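# Secondary and tertiary structure notes
Below, each chain spelled out in residue letters.
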Amino acid sequence: MSKSEDTESRTHDSSHDTKLMHIVAHTPRGKGILDCIQCGRCTSSCPMARQTSRYNPRRLMEMITIGLKEEVLSNTPWYCLSCFTCVDKCPQGADVGEVIFAIRNIAAREGHIPPGIKAQGGNIIDTGKISNPTKSILKQRQEMGLPEIEPSDTEELLKILRKTGFDKIIGHK
Amino acid sequence: MTKFALFLGCLIPLRLPFIEVSSRRVMEKLGIELVEMNGAGCCPDPIGIQSIDYKTWLALAARNLCIAEEMNLDILTLCIGCYETLKTANHVLNNGPEFKYEVNEILSEVDKEFKGNIQVKHIIEVLYEDIGPKEIENQISMPLEGLQVATHYGCHSVRPSEIIQFGNPERPTFLDELVEALGAQSVPYLEKMLCCGAGLRNTAKEKEEEALSLAKVKLDEIQRSKADCMTLSCPFCFISYDIGQLQINRKFKERYNLPVFYYLELLGLALGISSSRLGLKFHRSKVTPVLKKLGLA
């Protein structure tokens, strides 16, 4: 096989989805992917990248442009702390931290949502808040003379959540 | 009298109610009126809900903003997560007509309309800008003399800086100035701007070790600085270092016992509010060493 044939077959390899970058770029947060110059300033300033070699935002941006969809939508983007250091540091305004949200939104629609976050979403649908108070917290509140917890208008919230399709995205029944 | 719509959110009233107590008691003492926001929901969570669906996140935030708009009051948040969500949504909706149009179409389901005529402020921003360190210094009755404090800013109190636009995002000083206004000393330490790691705790249990080791880096530096305690202004950061410290001790066989204060608690003590009225006994990392140093225990 000649060299050009080899490149050809690699581009059509099913593990490379060349549309991925364009899909990301067309989401409200994903435009930055088009501006990335792979300088690595995001990784050098990332507090998570210094803790673990499993996370490298520059690599993640690269994987989006190459179209390594499976890797991109896997566990990796969930290592981001959303501290936005990279958004502040990027010389290109590629908003790496924002692109991560775009990928997570795409991953969520394909069913990849970490259980902790899925539970938060379920609580929002049920109570309007991300968690429920324990009995001991309610007792603490009373002991300190705090007012009762103001309930959210769940009926109104549900109308909004149905309209945006949130319940379907997280598969809430 | 200055008045704000009080946005409580979830984490503080549902998990750390003592932070709500100190904030309410201190603001009352400083003559700031806080009005409840009836029917408000989660801000919603800037990491979890925003990770699932951006449009839902924006629409729910807009609904909360609408409640304050109807009250004709600026929002005051106690949590930096709520601050980031509501301030960012307000910014996006005010600067992106296409987002405003789309969100208002969603909100029409519940007869609400985002107008964009209020501001979102965090309680530290109100203390620093609306009251000011000088005035706080004048108001306190019990200066925290001799207390060495390590300040922790919390990522979203300054970033994304293009939207937050409060303080210098690289080397902010507002929290240090507020600490010094109490008669205490803000001690310098390395890794001051390091993230607490809370963003990882929610996204996956299996990444907890990485989150804890990140918090540990900062605890080591604070210990080296000989500070008596640390102070911060975000409930997510609070959990990372307060309960987090106990988890770190277990996981890494360490023996940290650094008291952690939400800034309003230190301010409350300096205003002469008793530690029991501030609910300080509910902290998981005990604050007694600080109370002893101040002659309050």
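Throughout what follows, the structure given in this document is the object of discussion. (Residues numbered from 1 in each chain as written. Chains lettered and ligands numbered in written order. Predicted model: local features only at pLDDT ≥ 70, side-chain atom pairs only at ≥ 80, totals over all residues. Heavy atoms only, no water.)

### Examining the overall build of chain A
Helix and strand content of chain A: eleven helices and zero strands. Starting at the N terminus and ending at the C terminus, chain A contains elements arranged as α-α-α-α-α-α-α-α-α-α-α. Taking 2.2 N^0.38 as the reference for a compact globule, 173 residues should give roughly 16 Å; the C-alpha atoms of chain A span a radius of gyration of 21 Å, well beyond that estimate. Taken along its principal axes, the extent of the C-alpha atoms in chain A is 75 × 35 × 25 Å. Across the 173 residues that make up chain A, the buried fraction comes to 49%. A sequence separation of at least 24 residues applies to 64% of the contacts in chain A between residues at least 6 apart. By element, 50% of the accessible surface of chain A is carried by carbon and sulfur atoms, the whole surface being about 9200 Å². (Helix = DSSP H or I, 4+ residues; strand = E, 2+ residues; numbered from the N terminus. Rg over C-alpha atoms; globule rule 2.2 N^0.38 Å. Buried < 20%, exposed > 50% of the residue type's maximum accessible area, 1.4 Å probe, protein only. Contact = heavy atoms within 4.5 Å. Areas by Shrake-Rupley, 256 points an atom, 1.4 Å probe, with all protein chains shown as cover.)

### Thoughts on the pattern of salt bridges
Within this structure, the stated rule accounts for 26 salt bridges over all chains. Of the charged contacts in the structure, one is a salt bridge between Asp 130 of chain B and Lys 121 of chain B, with a shortest N-O distance of 2.7 Å. Using a relative accessible area of 36% as the deciding quantity, one classes Asp 130 of chain B as partly exposed. Ionic pairing is found between Lys 192 of chain B and Asp 176 of chain B, a salt bridge with its closest N-O pair at 2.7 Å. Of this pair, Lys 192 of chain B sits in the loop between β6 (185–186) and α11 (198–203) while Asp 176 of chain B sits in helix α10 (residues 174–180); the two residues are 16 residues apart in sequence, bridging distant segments of the chain. Where salt bridges share partners, they join Arg 141 of chain A together with Glu 20, Arg 24 and Glu 36 of chain B into one cluster. (Salt bridge = Lys/Arg side-chain N within 4 Å of Asp/Glu carboxyl O.)

### Brief notes about the pairing of strand β7 (residues 229–232) of chain B
Residue and element names in this part refer to chain B. Because side chains alternate across β7, one face comprises the buried residues Cys 229 and Thr 231, and the other comprises Met 230 and Leu 232, equally buried. Bridge count for strand β5 (residues 148–151) against β7 is three bridges, and the pairing is parallel. For Val 149, the partnering residue across the bridge sits in β7 and is Cys 229. By the bridge criterion, three bridges tie β7 to strand β8 (residues 260–262) in an arrangement that is parallel. Opposite Thr 231, over in β8, you have Phe 261 as the bridge partner. Taken together, β7, helix α13 (residues 235–252) and β8 constitute a β-α-β crossover, and its handedness is right-handed. (Pairing = 2+ DSSP bridges. Right-handed = clockwise from strand over helix to strand, strands pointing away.)

### A look at the sheet that holds strand β2 (residues 32–36) of chain B
All names here are of chain B. If you trace the four strands from one edge of the open sheet to the other, you get β2-β1-β3-β4, paired in parallel fashion. The open sheet is flanked by β2 and β4 (120–122), the only strands paired with a single partner. Ignoring strand direction, the axes of neighbouring strands in this sheet form an average angle of 40°. Here strand β1 (residues 2–7) pairs with β2 via five bridges, running parallel. (Axes fitted to C-alpha atoms, helices over the stretch in contact; angles between N-to-C directions.)

### Things to note about the packing of helix α12 (residues 208–224) of chain B against α13 of chain B
Residues and elements named next belong to chain B. At a closest axis distance of 9 Å, the pairing of α12 and α13 adopts a crossing angle of 105°. By the angle class used here, α12 and α13 are roughly perpendicular. Contacts between α12 and α13 involve Glu 208, Glu 209, Leu 212, Ser 213, Ala 215, Lys 216, Lys 218 and Leu 219 from the first element and Ser 240, Tyr 241, Gly 244, Gln 245, Gln 247, Ile 248, Lys 251 and Phe 252 from the second. (Parallel < 35°, antiparallel > 145°, perpendicular 65-115°, else oblique.)

### Here's the deal with the packing of helix α10 (residues 154–164) of chain A against helix α4 (residues 54–71) of chain B
For the pair α10 of chain A and α4 of chain B, interaxial distance at closest approach is 10 Å and the crossing angle is 155°. One finds that α10 of chain A runs roughly antiparallel with respect to α4 of chain B. As α10 of chain A runs across α4 of chain B, the sense of the crossing is right-handed. Contact residues: α10 of chain A offers Glu 156, Leu 157, Ile 160, Leu 161 and Thr 164 of chain A, while α4 of chain B offers Thr 56, Ala 59, Leu 60 and Arg 63 of chain B. (Left-handed = near helix turned anticlockwise from the far one by under 90°.)

### Examining the side chain of Ser 285 of chain B
All names here are of chain B. Positionally, Ser 285 belongs in the loop between α14 (263–270) and α15 (288–293). Within the local environment of Ser 285, its side chain forms a polar contact with the side chain of Gln 245, the two groups lying 3.4 Å apart. When sequence neighbours within four positions are dropped, the list of residues in contact with Ser 285 reads Tyr 241, Asp 242, Gln 245, Leu 246 and Leu 258. (Polar contact = N/O pair within 3.5 Å; in protein donor to acceptor, adjacent residues only side chain to side chain.)

### Details of the pairing of β1 of chain B
Two strands pair when backbone bridges link them, and β1 of chain B and strand β3 (residues 75–77) of chain B are joined in this way by three bridges, in the parallel orientation. Residue pairing across strands places Phe 7 of chain B opposite Thr 77 of chain B, the latter belonging to β3 of chain B.

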